[in-house]
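So you can see what is in the structure, the chains are spelled out below.
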Amino acid sequence: MGNFGIWVLTICLIFQSGYGFYLPGSYPLKHVVGNYLSVKVNSLTSIDTEMPFSYYSLPFCKPVEGVKDSAENLGELLMGDRIENSPYRFKMHTNETEIFLCQTNKLSSDDFKLLTKRIDEMYQVNLILDNLPAIRYTRKEGFMLRWTGYPIGVKIKDVYYVFNHLKFKVLVHKYEETNVARVMGTGDAVEGFPSVGNKGSDVPGYMVVGFEVVPCSVMHNGDLVKNLKMYEKYPSPIKCEPTTVSMPIKEGEPIVFTYEVTFEESDIKWPSRWDAYLKMEGAKVHWFSILNSLMVITFLAGIVLVIFLRTVRRDLTRYEELDKEAQAMVNEELSGWKLVVGDVFRAPSNPALLCIMVGDGVQILGMAIVTILFAALGFMSPASRGTLITGMLFSYMILGIAAGYVAVRLWRTIGFGDHKGWVSVAWKAACFFPGIAFFILTILNFLLWGSHSTGAIPFSLFVILLLLWFCISVPLTLVGGYFGAKAPHIEYPVRTNQIPREIPAQKYPSWLLVLGAGTLPFGTLFIELFFIMSSIWMGRVYYVFGFLFIVLVLLVVVCAEVSLVLTYMHLCVEDWKWWWKSFFASGSVAIYIFLYSINYLIFDLKSLSGPVSATLYLGYSLFMVLTIMFATGTVGFLSSFWFVHYLFSSVKLD
């Protein structure tokens, strides 16, 4: 643990002292009074369709210098974010009103239809200033609600109105000099250089700690702006009343866009500037629900573990106390797991597939642990867009070495140390789960391409992902397979008979118990699942990664217990075909998660419209539950394998 702490500290120091290094949202920018602040735009989003579209797909004002993509990482592209520059710009600590932005061309029939369609579909405009999304406050029944972004427009009595005037409020805090580095920035330009003492602190500067927007629909006079250029003052006063709308959209008529901005000094410190986004609706219920779930599941898991350990220990003690003569006398009367000693390690059906799925499950589980742990430590905060997905992707590829090792070593164990076929197993482990993922995501991508959504993965990114898969993940998995082939296989404690023992008729189908076993693991995570689904589909910010890590640990424990108990029950009724059943006993939680996803679609995403949106939702849900099945099934199988090996190596058996 000491070495791990030193490693983490070293990484932190490298990140902090790197010359000119800047991770979005991780370091405060000093903006001198009068410097320009550039606002960026992200994709238009809607909880009605779940398909993002480019901001400039609608007739909005474009920057004078042209539309440019901002620096993006892999995670942003995969999430459908398309961050671009916008014409909105401010001067630090300089209030401005009635700023003319532009007058669009006369709306064509296609533009009019598209604009009204996006309003019907409840699309939101997402603006970003200094890595902070624009936040909008609304009051409902005495409560203040927070929203990121603002709607394009509104429909009232069959008339569509557009929000063409934006009232911005930028909260700033006086810049506090640090002893590590001073970072100067104006909009997109970021320059970092070392700071010696307090040199340079005499220049007053501010940090952006809040970004609020109030959208208004204002009727402008088109004749007044004919000769106006962008950023010039609108010739008459503009009254921004959020409760009234007065700018109807009409085919063949242009739209005039204006804005105003005020700066306000705030007591909010830079590290606390994301608090407003994290105070999401139902936060108190969230904490209470998680604690309640953790207590109940911990209690149940403890009871199961105690009963199970007592039962197994009693069995072992009873068999160990019998001498050889007594064993010979009672062997005929014995029933249960001791009678399947010659068959318990008989190779399962489709052993290669089992090895491949367990190897991929180890890779997925390792990725989940690494990603959630780093997110809990703050390396993948919501402020750093796309880093969570990027981190998941790269940790998954690197852990290919673990997948190859586990798959091949298990293959050799089942084959009693035979090396034959290990390359094939390692190759299939490298391609099986990623192949399924690519198949599902490609189908969904064609749907997004057909809809011209920014959520579609560009072809160039597809090529990059394929190169990462075959140039990094596959070779690492083969390397892991090589080490697995060199490692000694696990020796079975008992010999396997040549003729398989007949399994007695069971009162209940064993697969019924296997399917029912997934209810307890599902109970571990279903409350947390609601908040994860809300963050994915409802646009809320998810940030309680510490609790998520605890839930993950509990899930692993419960999956292991459930699989152990079911394996022991099957052995006690002389059913020695435990391999696949132990995998699906805990993996069956995926069925309940998929049913929950359908329930969430019906009751929580009522507004989700159109077959394309529903297909996308179900496709991504299927991908999610397959991933969970691989991870939880692997936990169940490995724990059962260890238990069976321990059980039959702990007693003297003839």
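Not measured: the values here are computed from a predicted model.

Engineer: Explain the sheet that holds strand S2 (residues 36-41) to me, please; I cannot follow it from the model alone.
Structural biologist: In any sheet, the strands associate via hydrogen bonds between backbone groups, in a parallel or an antiparallel arrangement. Across the sheet, four strands lie side by side as S3-S2-S6-S7; this open sheet has antiparallel pairing. Edge positions in the sheet fall to strand S3 (84-91) and strand S7 (132-133), since each of these pairs with one other strand and no more. For S2 and strand S6 (residues 127-129), the ladder comprises three bridges, and the chain directions are antiparallel. Paired with Val 39 across the strands is Leu 129, a residue of S6.

Engineer: I tried to follow the packing of aromatic side chains on my own but got confused; where do I start?
Structural biologist: Each aromatic ring pair is characterised by the separation of its centres together with the angle its planes make. Taken as a whole, this structure holds 44 aromatic pairs when the rule is applied. Ring geometry for Trp 580 versus Phe 583: centroids 6.2 Å apart, planes at 70°, classification edge-to-face. Here Trp 580 and its partner Phe 583 are both found in helix H15 (residues 579-587), three residues apart, which amounts to about one turn of the helix. The same class applies to Trp 580 as to Phe 583, namely buried. Through pairs of rings, three or more aromatic residues link up here, namely Phe 438, Phe 446, Trp 449, Phe 462, Trp 469 and Phe 470.

Engineer: Would you explain the confidence of the model for the chain in this entry?
Structural biologist: Regions with low pLDDT should not have their predicted coordinates read in detail. Looking at the chain as a whole, its pLDDT mean stands at 83, while 85% of the residues score no less than 70. The low-confidence segment residues 1-24 (pLDDT under 50) makes 19 contacts with residues lying over four places distant or belonging to another chain. Within the model, the stretch residues 179-201 combines pLDDT values under 50 with 55 contacts to residues more than four positions away or in other chains.

Engineer: How should the packing of helix H7 (residues 351-376) against helix H10 (residues 422-450) be read in this particular structure?
Structural biologist: When two helices pack together, their arrangement is given by the angle between the helix axes and by the axis-to-axis distance. Where H7 contacts H10, the axes come no closer than 9 Å and their chain directions differ by 55°. Classed by the angle they form, the pair H7 and H10 counts as oblique. By crossing handedness, the relation of H7 to H10 is classed as right-handed. Together, Leu 353, Cys 355, Ile 356, Met 357, Asp 360 and Ile 364 of H7 and Val 425, Lys 428, Ala 429, Phe 432 and Phe 433 of H10 make up the contact between the two elements. Considering only residue class, the contact of H7 with H10 consists of nine nonpolar, no polar and two charged.

Engineer: Any chance you could explain the state of the cysteines here in plain terms?
Structural biologist: Disulfides are covalent bonds that connect the sulfur atoms of two cysteines. By the definition in use, this model includes two disulfides. Linked covalently through their sulfurs, Cys 61 and Cys 102 form a disulfide whose S-S length is 1.9 Å. Given an S-S torsion of about -85°, the disulfide between Cys 61 and Cys 102 has left-handed geometry. One end of the pair, Cys 61, is in the loop between S2 and helix H2 (74-79); the other, Cys 102, is in strand S4 (residues 96-103), and 41 residues separate them in sequence. For Cys 216, the disulfide goes to Cys 240, at an S-S distance of 1.7 Å. With the S-S dihedral at roughly 65°, the linkage between Cys 216 and Cys 240 falls on the right-handed side.

Engineer: Is there a simple way to explain helix H16 (residues 589-603) in this structure?
Structural biologist: Helical geometry note: an α-helix holds 3.6 residues per turn, so side chains three or four residues apart project in the same direction. Here H16 spans 21 Å end to end across 15 residues, near enough to the 21 Å set by a 1.5 Å rise per residue. Residues of H16 that are buried sit in contact with helix H13 (519-537), H15 and helix H17 (611-649).

Engineer: I keep staring at the side chain of Glu 574 and nothing clicks. Help me out?
Structural biologist: Residue position: Glu 574 is located in the loop between helix H14 (545-572) and H15. A polar contact is formed between the side chain of Glu 574 and the side chain of Arg 501, at a distance of 3.0 Å.

Engineer: In this structure, what is going on with the nonpolar core? I would like to understand it.
Structural biologist: As a rule of thumb, nonpolar side chains are buried together in soluble globular proteins. Core analysis: the largest hydrophobic core is formed by 87 residues, its most contacted members being Val 344, Phe 637 and Phe 648. Among the elements that take part in this core, H14 stands out by supplying 15 residues, more than any other. Counting only domains with at least three residues in this core, you end up with domain 2 (281-320 + 520-653) and domain 3 (350-490). One finds Leu 44, Ala 134, Ile 152 and Leu 444 within the second-largest nonpolar core, a separate group that totals 56 residues.

Engineer: How do you make sense of the environment of Val 341 when you look at a structure like this?
Structural biologist: Relative to the helices and strands, Val 341 is located in the loop between helix H6 (324-330) and H7. Considering only alpha carbons, one finds Val 341 and Phe 648, 307 residues apart in sequence, at a separation of 7.5 Å.

Engineer: Quick question: what am I supposed to make of the pattern of salt bridges here?
Structural biologist: In a structure, side chains of opposite charge can pair up when their charged atoms sit close to one another. This structure, assessed with the given rule, holds 10 salt bridges. Asp 158 is the partner of Lys 155 in a salt bridge, and the nearest nitrogen-oxygen pair spans 4.0 Å. When its relative accessible area of 40% is taken as the criterion, Lys 155 is described as partly exposed. What emerges from the salt-bridge pattern is a single network uniting Lys 169, Glu 212 and Glu 264.

Engineer: Is there a simple way to think about the pairing of strand S11 (residues 153-156) in this case?
Structural biologist: A regular strand places its side chains on the two faces of the sheet in alternate fashion. Bridging between S11 and strand S12 (residues 159-162) involves four bridges; their strand directions are antiparallel. Its bridge partner being in S12, Val 154 is matched across the sheet by Tyr 161. Counting the residues between successive antiparallel strands, the hairpin from S11 to S12 contains two residues, one of them, Lys 157, with a positive phi of roughly 50°.

Criteria and thresholds
Residues numbered from 1 in each chain as written. Predicted model: local features only at pLDDT ≥ 70, side-chain atom pairs only at ≥ 80, totals over all residues. Heavy atoms only, no water. Pairing = 2+ DSSP bridges. Helix = DSSP H or I, 4+ residues; strand = E, 2+ residues; numbered from the N terminus. Phe/Tyr/Trp six-rings, centres within 6.5 Å; stacked < 30°, edge-to-face > 60°. Buried < 20%, exposed > 50% of the residue type's maximum accessible area, 1.4 Å probe, protein only. pLDDT = per-residue confidence, 0-100. Contact = heavy atoms within 4.5 Å. Axes fitted to C-alpha atoms, helices over the stretch in contact; angles between N-to-C directions. Parallel < 35°, antiparallel > 145°, perpendicular 65-115°, else oblique. Left-handed = near helix turned anticlockwise from the far one by under 90°. Nonpolar A, V, L, I, M, F, W, Y, C, P; charged D, E, K, R; others polar. Disulfide = S-S within 2.5 Å. Expected span 1.5 Å × (residues − 1). Polar contact = N/O pair within 3.5 Å; in protein donor to acceptor, adjacent residues only side chain to side chain. Core = buried A, V, L, I, M, F, W, Y, C linked by side-chain atoms within 4.5 Å. Domains from an automatic or database assignment. Salt bridge = Lys/Arg side-chain N within 4 Å of Asp/Glu carboxyl O.

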